[in-house]
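Each chain, written out:
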Amino acid sequence: MALRDPVPENVKQPVREAASHLWVEQLARLGYAAKGLVYFIVGLLAAQAAFGSGGKTTDSSGALETIVTQPFGKFLLSIVTLGLIGYALWRFVQTILDPEYSSQQMNGKRIVKRLGYAVSAIAYLSLAVTSIKLIIGSSSSNSDSVKDWTIYFLNKPFGRWLVFVLGLIVIGVGISLLYQAYKGKFRRHFKLYQMSRSEQIWAMRLGRFGIAARGIVFSMIGIFIMLAAIKFDASQARGLGGALAALANQPFGPWILGVVALGLIAYGMYCVIEARYRHIAR
């Protein structure tokens, strides 16, 4: 059933005018590359931990801390920060305009997808703020944002049920990612006419492996959030780093963590391909 677009035209019009500029696309592409670098580092550190060559299980904030400690780290992190802001900006544009599907009828699936864009925009904007704090030398907090939000919601009326539903939603996102990896429909987002046959093959391989790894991690995060609701214990909730650490503690944990870590590395490489070849509708 066709639904009415929830965003009024007087809000969409100025966003549409701003998005028509080339710099929005350039920032979006830088954003995909920055996102890829963050996932690559998270995966690389987890792979090193799994295979016994150093490293650690960490989240996106930990990846930013790794960047800032490298030679010319603050300069590199400044570029990554600009990319994260660009990615958040692009997600906000997708939330308001839904440019990739604007020719289709409005339905519940599109509305849910746009809500997902909004959540992604807020998450990457928050990550950019963390990055700015690292650049200016502000002390970094090692708290788990997923755990922090779980504590916040559990202390609200009906918070236990809300956290439980949020866990279900995150699991749903994980299952959706696994389905995307299986179907390979992400291929339609690429400018295939600009890609060689070899590039298309590797984009599919890396995309499938990487998106599946993200699906596993999201599913685990959702399960931990649900456990926090069931036990009314926010300490049960875990984010990306906690989910990876939990994999390491399972039977054959180093092998499982190693495979997922390689998948996150693959996803980072896939994001770089997106930065170059993704069709960015404006």
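This write-up is about the structure you can find in this document. On a predicted model such as this, the values are computed, not experimentally measured, just so you know. (Residues numbered from 1 in each chain as written. Predicted model: local features only at pLDDT ≥ 70, side-chain atom pairs only at ≥ 80, totals over all residues. Heavy atoms only, no water.)

1. Remarks on the overall build of the protein
Per the secondary structure count, the protein includes 10 helices and zero strands. Going from the N terminus to the C terminus, the protein shows its helices and strands as α-α-α-α-α-α-α-α-α-α. Expected size for 282 residues packed as a compact globule is a radius of gyration near 19 Å; at 19 Å, the protein falls within 12% of this value. Based on the C-alpha atoms only, the size of the protein along its principal axes is roughly 50 × 50 × 40 Å. Counting all 282 residues of the protein, 46% fall into the buried class. Residue pairs in contact within the protein that sit at least 24 positions apart in sequence constitute 74% of those at least 6 positions apart. (Helix = DSSP H or I, 4+ residues; strand = E, 2+ residues; numbered from the N terminus. Rg over C-alpha atoms; globule rule 2.2 N^0.38 Å. Buried < 20%, exposed > 50% of the residue type's maximum accessible area, 1.4 Å probe, protein only. Contact = heavy atoms within 4.5 Å.)

2. Looking at the packing of helix α2 (residues 22-50) against helix α10 (residues 253-277)
A pair of packed helices can be characterised by two numbers: the angle between their axes and the separation between those axes. Their axes nearest at 7 Å, the elements α2 and α10 cross at an angle of 165°. Taken together, α2 and α10 sit at an angle that is classed as roughly antiparallel. For the crossing formed where α2 meets α10, the hand is left-handed. Counted by class, the contact of α2 with α10 contains 19 nonpolar, four polar and four charged residues. (Axes fitted to C-alpha atoms, helices over the stretch in contact; angles between N-to-C directions. Parallel < 35°, antiparallel > 145°, perpendicular 65-115°, else oblique. Left-handed = near helix turned anticlockwise from the far one by under 90°. Nonpolar A, V, L, I, M, F, W, Y, C, P; charged D, E, K, R; others polar.)

3. Things to note about the pattern of salt bridges
With the rule as written, the count across this model stands at two salt bridges. For the salt bridge of Glu25 with Arg29, the shortest nitrogen-to-oxygen distance reads 2.9 Å. On the criterion of helical spacing, the pair formed by Glu25 and Arg29 is a turn pair, its members being four residues apart in helix α2. Exposure class is identical for Glu25 and Arg29. Each is buried. In this structure, Glu274 engages Arg278 in a salt bridge whose closest nitrogen and oxygen atoms are separated by 2.8 Å. On the basis of relative accessible area, Arg278 is assigned to the buried category, the value being 7%. (Salt bridge = Lys/Arg side-chain N within 4 Å of Asp/Glu carboxyl O.)

4. Digging into a nonpolar patch on the surface
The grouping of Ile85, Phe92, Ile122, Leu125, Ile132 and Ile136 at the surface amounts to a nonpolar patch, some 540 Å² of accessible area in total. Elements with a minimum of two residues in the nonpolar patch: α4 (73-97) and α5 (108-135). Ranked by the residues each element gives to the nonpolar patch, the list is headed by α5, at three residues. With respect to the helices and strands, Ile85 occurs in helix α4. (Patch = residues over 30% accessible without salt bridge, like charges linked within 9 Å, V, L, I, M, F, W, Y side chains within 5 Å. Areas by Shrake-Rupley, 256 points an atom, 1.4 Å probe, with all protein chains shown as cover.)

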